[in-house]
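Spelled out from the first residue to the last, the chains are:
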Amino acid sequence: MTADAHRAMAQPCRHRDAALDQADGPRHRAAATAALHARGPTYPPNPRWLAKRYPSGETAQLRRVYVRPERRRRGLARRLVAELLAFAKADGGYRSVYLHTHPDSPGAMDLWRSLGKLVCDERDEVLGGGTGVVHFEIPTT
């Protein structure tokens with residue numbers, strides 16, 4: 001094993017994946033998933049000012065929040081996000097929690113508006129609509 005690999009393994013893990021299972025006959029499948037990573041948005045494709053506002057290492061980014069269609073509207077995404085926010089808060093090294101979403105993702109805009117603050121809607125704020133995504137900051141308190 002290289003010295004770089006040893007250093008990487010010695011670092012505390014600042015990422016977290018979460019999932020909730022559902023019984024599906026003899027199998028179990030994830031009903032909902034979410035992840036939190038220790039990196040902010042990059043430029044490009046995101047606006048330069050956004051990448052500077054949410055630098056990697058100081059920013060926890062919520063990613064891959066997904067609930068199976070038949071399990072939506074039951075609070076599963078909120079439950080996973082709450083778990084990940086608690087992890088980010090306990091880490092102590094994050095200044096902010098950031099995420100971006102596509103406005104046509106079912107239920108996403110309502111969820112993120114209820115949990116956080118919209119910081120950039122590329123459809124309105126970036127010349128030509130940017131990539132069309134919407135960026136949010138979520139408080140950890």
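For every chain, the first residue of its written sequence is number 1, and the numbers climb from 1 along that sequence. Local features in this predicted model are restricted to residues whose pLDDT is 70 or higher, and side-chain atom pairs enter the listing and the counts only when it is 80 or higher, whereas totals over whole chains, interfaces and linings include all residues. Working from all heavy atoms in the structure, the side-chain values ignore hydrogens and water.

## Considerations on the overall build of the protein chain
Basically, it comes down to this: Runs of E in the DSSP output that reach at least two residues are strands. Runs of H or I that reach at least four are helices, and both are numbered from the N terminus. Any residue under 20% of the maximum accessible area for its type is buried, any over 50% is exposed, and the rest in between are partly exposed; the area is computed with a 1.4 Å probe on protein chains only. Residues count as neighbours in contact if any of their non-hydrogen atoms are within 4.5 Å of one another. Only the protein chains shown count as cover for residues, with accessible areas throughout obtained via the Shrake-Rupley method and a probe of 1.4 Å.
Broken down by element type, the protein chain carries 5 helices and 6 strands. Along the chain direction, N to C, the helices and strands of the protein chain fall in the order α-β-β-α-β-α-β-α-β-α-β. When the 141 residues of the protein chain are sorted by exposure, 36% land in the buried category. Sequence separation of 24 or more characterises 60% of the internal contacts of the protein chain that already satisfy a separation of 6 or more. Carbon and sulfur atoms make up 51% of the accessible area of the protein chain, which totals about 8500 Å².

## As for the confidence of the model for the protein chain
To keep it simple, the criterion reads: Confidence scores labelled pLDDT are given residue by residue by the predictor and lie between 0 and 100.
Taken residue by residue, the protein chain gives an average pLDDT of 88. The fraction at 70 or more is 88%. Ignoring residues within four places in sequence, the model shows residues 1–10, a span with pLDDT below 50, making 2 contacts including any to other chains.

## Looking at helix α4 (residues 108–115)
Worth spelling out the cut-off: Throughout, the arc means the angular range of directions from the helix axis out to the C-beta atoms.
Residues A108, M109, L111 and W112 constitute the buried set of α4. With its buried residues spanning 165° around the axis, α4 presents them on a single face. Elements that come into contact with the buried residues of α4 comprise β3 (59–67), α3 (76–91), β4 (96–101), α5 (122–125) and β6 (134–138).

## Remarks on the pattern of salt bridges
In plain terms, the rule: Any Lys or Arg side-chain nitrogen found within 4 Å of a carboxyl oxygen on Asp or Glu counts as a salt bridge.
Per the stated rule, a full pass over the model turns up 5 salt bridges. Across the pair R29 and E70 runs a salt bridge, and its minimum N-O distance is 3.5 Å. Pair noted here: R29 is in strand β2 (residues 27–37) and E70 is in the loop between β3 and α3, with a separation of 41 residues, a long-range link. By relative accessible area, which is 26% here, R29 ends up partly exposed. Between R123 and D121 there is a salt bridge; the shortest N-O distance is 2.7 Å.

## A look at the packing of α3 against α4
This is how it is decided: Structural elements are reduced to axes, namely lines fitted to C-alpha atoms, with helices fitted over the stretch in contact, and the angle between N-to-C directions of any two is expressed from 0 to 180 degrees. Every angle not falling under 35 degrees, over 145, or within 65 to 115 is termed oblique; those three ranges are roughly parallel, roughly antiparallel and roughly perpendicular. Crossing handedness: left-handed means the near helix sits turned counterclockwise from the far one by under a right angle, and right-handed means the same turn made clockwise. Classification used: nonpolar for Ala, Val, Leu, Ile, Met, Phe, Trp, Tyr, Cys and Pro, charged for Asp, Glu, Lys and Arg, polar for all others including Gly.
Across the interface, α3 lies against α4 with an axial gap of 11 Å and an inter-helix angle of 45°. One finds that α3 runs oblique with respect to α4. For the pair α3 and α4, the sense of crossing is right-handed. Across from A77, R78 and V81 in α3, the residues of α4 making contact are L111, W112, S114 and L115. Among the residues making up the contact of α3 with α4, the classes are represented as 5 nonpolar, 1 polar and 1 charged.

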